[in-house]
Amino acid sequence: MMILTKRLSLILASITIVVGGSYYLTGKLIQKSYYEAITKINLQPNIKVNLVEYQRGFINSTAELTLEIGTSNPEDIQVIPLRQAITHGPIIVANTENGPQLKLLAGQIKTSLGEPWQTKLKNYTQNQQPLNITTLINFSNQATTWLRVAGIDQTTPSQFHVAWATINGLIQHDLHFANYKGNLNLPKM
């Protein structure tokens with residue numbers, strides 16, 4: 001009986017090491033790919049991504065960045081702070097357009113606006129999650145991004161009325177930023 005218990009303990013310890021090691025290695029691979037993607041984006045004209053902080057965890061990592069959009073005129077550049085929560089596999093429960101799904105060899109990035117933009121958008125839309133951008137990345141260098149912008153119905157003090165229903169979109173793309181296809185549902189505005 002004692003030999004069986006030792007063998008079972010050894011098997012469980014081996015499985016734990018293999019699973020733990022796979023999450024650690026996957027986190028390293030995703031971090032490397034993440035840095036490479038930023039470099040590729042920064043090759044595009046009129047856009048620049050600055051990585052402010054990347055904290056790699058065992059199953060989840062976080063990143064804070066700024067996105068600079070504009071022309072070569074520094075006065076026209078808009079700086080948008082972003083926060084990303086990164087879930088790395090090899091096995092994850094991904095949030096997809098069809099609800100949570102178990103995915104093998106994948107990672108997921110949830111992007112939200114940084115402060116003060118996130119608070120302003122929450123106040124404007126009266127929604128706790130006004131902007132959801134979720135990207136599911138497969139290890140085949142393919143990704144799917146779901147976009148959801150909360151609907152609004154606002155009237156300014158000068159009686160200017162703006163209203164739209166929830167905006168949803170889906171984009172399938174590669175990680176080389178060469179091929180995109182998808183749709184964006186712009187409801188009644």
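Computed from a prediction, not measured in an experiment: that's the story for all the values here.

Chemist: Where do I start with the layout of surface pockets in this structure?
Modeler: Which parts of space are left empty comes out when a probe the size of a water molecule is rolled across the atoms. There is about 460 Å³ of room inside the second largest pocket. Lining the second largest pocket are 22 residues; nearest its centre among them are Lys-110, Leu-131, Asn-132, Ile-133 and Thr-134. Going through the elements one at a time, strand S3 (78-88), strand S4 (91-96), strand S6 (106-113), strand S7 (131-138), strand S8 (142-149) and strand S11 (167-174) are the ones with two or more residues in the lining of the second largest pocket. If one sorts the elements of the lining of the second largest pocket by residue count, S7 sits on top with 4 residues. Here the residues of the lining of the second largest pocket are counted per class, giving 6 nonpolar, 12 polar and 4 charged.

Chemist: Is there a simple way to think about the nonpolar core in this case?
Modeler: By size, the foremost hydrophobic cluster in this structure holds 16 residues, and its most contacted members are Tyr-34, Tyr-54, Leu-65, Leu-82 and Ile-86. Contributions of two or more residues to this core are made by helix H1 (2-41), strand S1 (47-56), strand S2 (60-69), S3 and S6. Beyond its immediate stretch of four places on either side in the chain, Leu-82 contacts Ala-63, Glu-64, Leu-65, Leu-67, Thr-111, Ser-112, Leu-113 and Gly-114. The next biggest cluster of nonpolar side chains, apart from the first, holds 6 residues, and it includes Ala-94, Ala-106, Leu-136 and Trp-146.

Chemist: Would you mind showing me how to read the sheet that holds S3 here?
Modeler: The pairing of strands in a sheet comes from backbone hydrogen bonds and takes either a parallel or an antiparallel form. Sheet architecture is open: 8 strands sit in the order S1-S2-S3-S6-S7-S8-S11-S12, paired in antiparallel fashion. In this open sheet, the two edge strands, each paired with only one partner strand, are S1 and strand S12 (180-185). Neighbour-to-neighbour, the strand axes of this sheet turn through a mean angle of 15°, independent of strand direction. Here S3 pairs with S6 via 7 bridges, running antiparallel. Paired with Gln-84 across the strands is Thr-111, a residue of S6.

Chemist: Explanation requested: the packing of aromatic side chains in the structure shown.
Modeler: The description of an aromatic ring pair uses the distance of the two centres, along with the angle that the planes make with each other. This structure, assessed with the given rule, holds 2 aromatic pairs. Members of the aromatic cluster, connected to one another through ring pairs, are Tyr-34, Tyr-35 and Tyr-54.

The rules we used
- Residues numbered from 1 in each chain as written.
- Predicted model: local features only at pLDDT ≥ 70, side-chain atom pairs only at ≥ 80, totals over all residues.
- Heavy atoms only, no water.
- 1 Å grid on protein atoms, 1.4 Å probe; cavity = no way out; pocket = protein on both sides within 12 Å on 5 of 7 lines; lining within 4 Å.
- Points joined across faces, edges and corners; volume = space filled by probe spheres on them.
- Helix = DSSP H or I, 4+ residues; strand = E, 2+ residues; numbered from the N terminus.
- Nonpolar A, V, L, I, M, F, W, Y, C, P; charged D, E, K, R; others polar.
- Core = buried A, V, L, I, M, F, W, Y, C linked by side-chain atoms within 4.5 Å.
- Buried < 20%, exposed > 50% of the residue type's maximum accessible area, 1.4 Å probe, protein only.
- Contact = heavy atoms within 4.5 Å.
- Pairing = 2+ DSSP bridges.
- Axes fitted to C-alpha atoms, helices over the stretch in contact; angles between N-to-C directions.
- Phe/Tyr/Trp six-rings, centres within 6.5 Å; stacked < 30°, edge-to-face > 60°.

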